[in-house]
Amino acid sequence: MSPELRPSLPLTAEAPEPRAGIAAVPVWLIILLSLFLYWGMVYFDQHSGWFSPEVYAPYRSTAELALYQPPTGGIDLSRGKAVYENICGLCHGNDGAGKPGQAPAFANSEWALGTPNRMIRIPIVGLAGPVQVAGQQWNLAMPAMGAALPDDDLAAVLTYIRQSWGNKASAVTPEQVKAVRAEVGNRTQPWTAEQLNAIQ
Amino acid sequence: MNYGPLVFLAAFFALASSWCGFVLTPQLQIGRLQQTNTVGSAAATYPVARPGLARQGLEVYRANGCAYCHSQQVGQTGTLLDIALTDAGTNETTTIAALLKLADASANHPGVLTALPPWGGSRSNASTTALLGELPRAFLRSSTREAANAAVKTLNSTSAKAQLWIVPVGPDLARGWGRRRTVAEDFLFDSPVMPGSQRVGPDLTNVGMRQPDANWHLLHLYAPQAQVKGSTMPPYRFLFEKRRIRFQPSPEALMLPPELAPPAGYEIVPKPAAKALAAYLVNLRADAPLYTAPLTVPAAPAASTPTNAATATASAK
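This one's a predicted model, so the numbers in the text were calculated from it and none came from an experiment.

(A) Structural context of the overall build of chain A. If you tally the helices and strands in chain A, you get 8 helices and 2 strands. Secondary structure of chain A in N-to-C order comes out as α-α-α-α-α-β-β-α-α-α. Across chain A, every contact between residues at least 6 apart in sequence was considered, and the portion connecting residues at least 24 apart equals 57%. Summed over its atoms, the accessible surface of chain A is roughly 13,100 Å², and 62% of this surface lies on carbon and sulfur atoms.

Right, dumping it as structure tokens:
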């Protein structure tokens, strides 16, 4: 009997091969994953610091970081210095020592150290005529150099004058400048020394 | 079916996304980092490049694998606010009363406001008066901005002058390994950056602040156990040379204890690599107050009264 003619054996019924079918993902799993995704987004939102290179843990944002900046230890004179050297320093000298024939000194000047009310008025409309500064007699005219300056710049530069070159007087605030400007009003006539001395 | 394009695209996107995360994002974040100014009253440029010898020392540090056992990164877990007095004011009685009142109130809100030792433990009128002579000094510590501001306001309403000091805290800082966390600016002039990954030895971010003496570092490299009891650091004696004293002893020779000293007529001198490494270690210091890592560096306590008294006594003699 040749192998080809061997009768085939009857096939027994077998369990079918397992096949990967399509089954629906359980609803609870979808909800759970969505909740995780939402929580992840919220966490990312609160902790990423918007990828700012300035923010490292434990700080979470630049706003939080700004809260923790150390005090500068006194008033920042850098702005006043910049304004001074642009405007005032040309005549009064960057060292505050004044220039002969141009402008009197600020260092140790009773005008710079005296009441701010008197000092704020000078740059707003100017000062003309004889004036005694630190024991020296001057007779020149100062134009209204500060008339166009904003209140905070004028306050910054006056503070710089009052606290530099050995001067140690109180700071001038923008509010003070604003109040004096309101008092001066529309005046364009420069002050004289007597008028200013009358002001306390 | 030909899966070639799909496999290519999958591999391409996998590599491209990791490149974006590991290369592109850090480059965008801190790739253009530049020198900045420190914040606070004394603004200075930070960081400054290491001196030449210290720069060579970085190569020695790298070559000897120091970074395998020493990290150079300090962590920080939070920030607290100290309420410090800079000026006791004209009426010390009201200042002391306000301080004691705040400290008593802090007992009711533990954690928000804490009285700092040594004052906090045994506070009384007498001990407070004694401490008011050593200003500026922190008296209370607060965990919230509101409580700290309120305390400063209370103290300022007396004649005293109070300030907030920003104090970074964390386990590393409690170990004395620094004053603040490490930020990217600290490594600006280092190439390669060696932040390290293990702490078999202590963190070295601020070792120059803890131990500013180069000779100590040289002795420690030659014989670690002679300087630090129980140290597991291996000695780096190949960085040193034992040589015969020819004419007179070298000023650089190590001052070794008797049991380690070389035989008579010989001396141990550091090779250039050891000197460079010591210069690098002394130069390791990252504690400047930066915008990214705020802290208050309190001014040194004004020791005017005792010093003046001592001078007066001395001149009187």
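There's plenty left to go through after this.
(B) Geometry of the pattern of salt bridges. Residues and elements named next belong to chain B. Under the definition given, this model contains 14 salt bridges over all chains. Between Asp190 and Arg50 there is a salt bridge, with the nearest N and O atoms lying 2.8 Å from each other. Here Asp190 is found in the loop between α6 (171-174) and α7 (207-210), whereas its partner Arg50 is found in the loop between β2 (45-46) and α2 (52-63), with 140 residues between them in sequence. Side by side, Asp190 and Arg50 carry an identical accessibility label, which is buried. A salt bridge links Arg55 to Glu59; the nearest nitrogen and oxygen atoms lie 3.4 Å apart. On the criterion of helical spacing, the pair formed by Arg55 and Glu59 is a turn pair, its members being 4 residues apart in helix α2. Several salt bridges share partner residues, and in doing so they unite Asp172, Arg175, Arg199 and Asp203 into one network.

(C) Local environment of a nonpolar patch on the surface. All names here are of chain A. A surface patch of nonpolar side chains, about 730 Å² in accessible area, is lined by Trp28, Leu32, Leu33, Phe36, Trp39 and Tyr43. Within the secondary structure, Trp39 sits in helix α1 (residues 27-47). Taking the relative accessible area as the measure of exposure, Trp39 reaches 55% and is therefore exposed.

(D) Here's a closer look at the sheet that holds strand β5 (residues 137-142) of chain B. Residues and elements named next belong to chain B. Across the sheet, 4 strands lie side by side as β4-β5-β3-β6; this open sheet has antiparallel pairing. Single-partner strands in this sheet number two, and they are β4 (113-115) and β6 (161-169). The sheet shows a mean angle of 35° between the axes of neighbouring strands, direction not considered. Summarising the sheet, strand β3 (residues 78-87) and β5 pair through 5 bridges and their orientation is antiparallel. Following the sheet pairing, Leu81 is matched in β5 by Ser142.

(E) Fine view of the interface of chain A and chain B. At the junction of the two partners, chain A supplies 18 residues and chain B supplies 23 residues. Taking both partners together, chain A and chain B bury about 1,800 Å²; carbon and sulfur atoms supply 60% of that area. Considering only the side of chain A, the residues that lose the most area to chain B are A:Tyr56, A:Tyr68 and A:Pro70, jointly responsible for 33% of the buried surface there. At the junction of chain A and chain B, the tally comes to 0 salt bridges. The tally of links from chain A across to chain B stands at 7 residue pairs in polar contact (both at pLDDT 80 or more).

(F) Expanded view of the environment of B:Tyr236. Residues and elements named next belong to chain B. With respect to the helices and strands, the residue Tyr236 is situated in the loop between α9 (224-227) and β7 (240-244). The exposure class of Tyr236 is buried, given its relative accessible area of 16%. Each C-alpha atom of the pair Tyr236 and Leu219 lies 10.0 Å from the other, and the pair is 17 residues apart in sequence. Apart from residues lying up to four places away in sequence, Tyr236 is in contact with Asn64 and Leu221.

(G) A look at the side chain of B:Asp287. Residues and elements named next belong to chain B. Within the secondary structure layout, Asp287 lies in the loop between α10 (272-283) and α11 (304-316). Judged by relative accessible area, Asp287 falls into the buried class, the value being 9%. Of the polar contacts made by the side chain of Asp287, one reaches the side chain of Arg179; its length is 3.1 Å. At 3.1 Å, the side chain of Asp287 and the side chain of Arg285 are in polar contact.

The rules behind these values
- In this numbering scheme, every chain counts its residues from 1 along its sequence in written order.
- Both sets of labels track the order of writing: A upward for chains, 1 upward for ligands.
- Reporting in this predicted model follows two pLDDT cut-offs: at least 70 for local features of residues, and 80 or more for side-chain atom pairs to be given and counted; totals over whole chains, interfaces and linings ignore these cut-offs and use all residues.
- Excluding hydrogens and water, the side-chain figures rest on all heavy atoms present in the structure.
- Helix and strand assignments follow DSSP, with helices taken as H or I runs no shorter than four residues and strands as E runs no shorter than two, numbered in order from the N terminus.
- We call two residues contacting when some pair of their heavy atoms lies within 4.5 Å.
- Note on areas: Shrake-Rupley with a 1.4 Å probe; residue coverage comes only from the protein chains shown.
- Here a salt bridge means any side-chain nitrogen of Lys or Arg lying within 4 Å of a carboxyl oxygen belonging to Asp or Glu.
- Buried, partly exposed and exposed residues are distinguished by accessible area as a fraction of the type maximum, computed with a 1.4 Å probe on protein chains only: under 20%, between the cut-offs, and over 50%, respectively.
- Without a salt bridge and with relative accessible area above 30%, a residue can belong to a patch; like charges are then joined within 9 Å and nonpolar side chains (Val, Leu, Ile, Met, Phe, Trp, Tyr) within 5 Å.
- Strands are treated as partners if at least two bridges between them are detected by DSSP.
- Whenever a helix is involved, its axis is fitted only over the stretch in contact; in every case the axis is a line through C-alpha atoms, and angles between N-to-C directions fall within 0 to 180 degrees.
- Reported buried area values correspond to the accessible surface (1.4 Å probe) lost by two parts on association, with both partners' losses combined.
- We define a polar contact as two N or O atoms separated by no more than 3.5 Å, with the added condition that, inside protein, one atom must be a possible hydrogen donor and the other a possible acceptor, whereas residues neighbouring each other in sequence contribute only through side-chain atom pairs.

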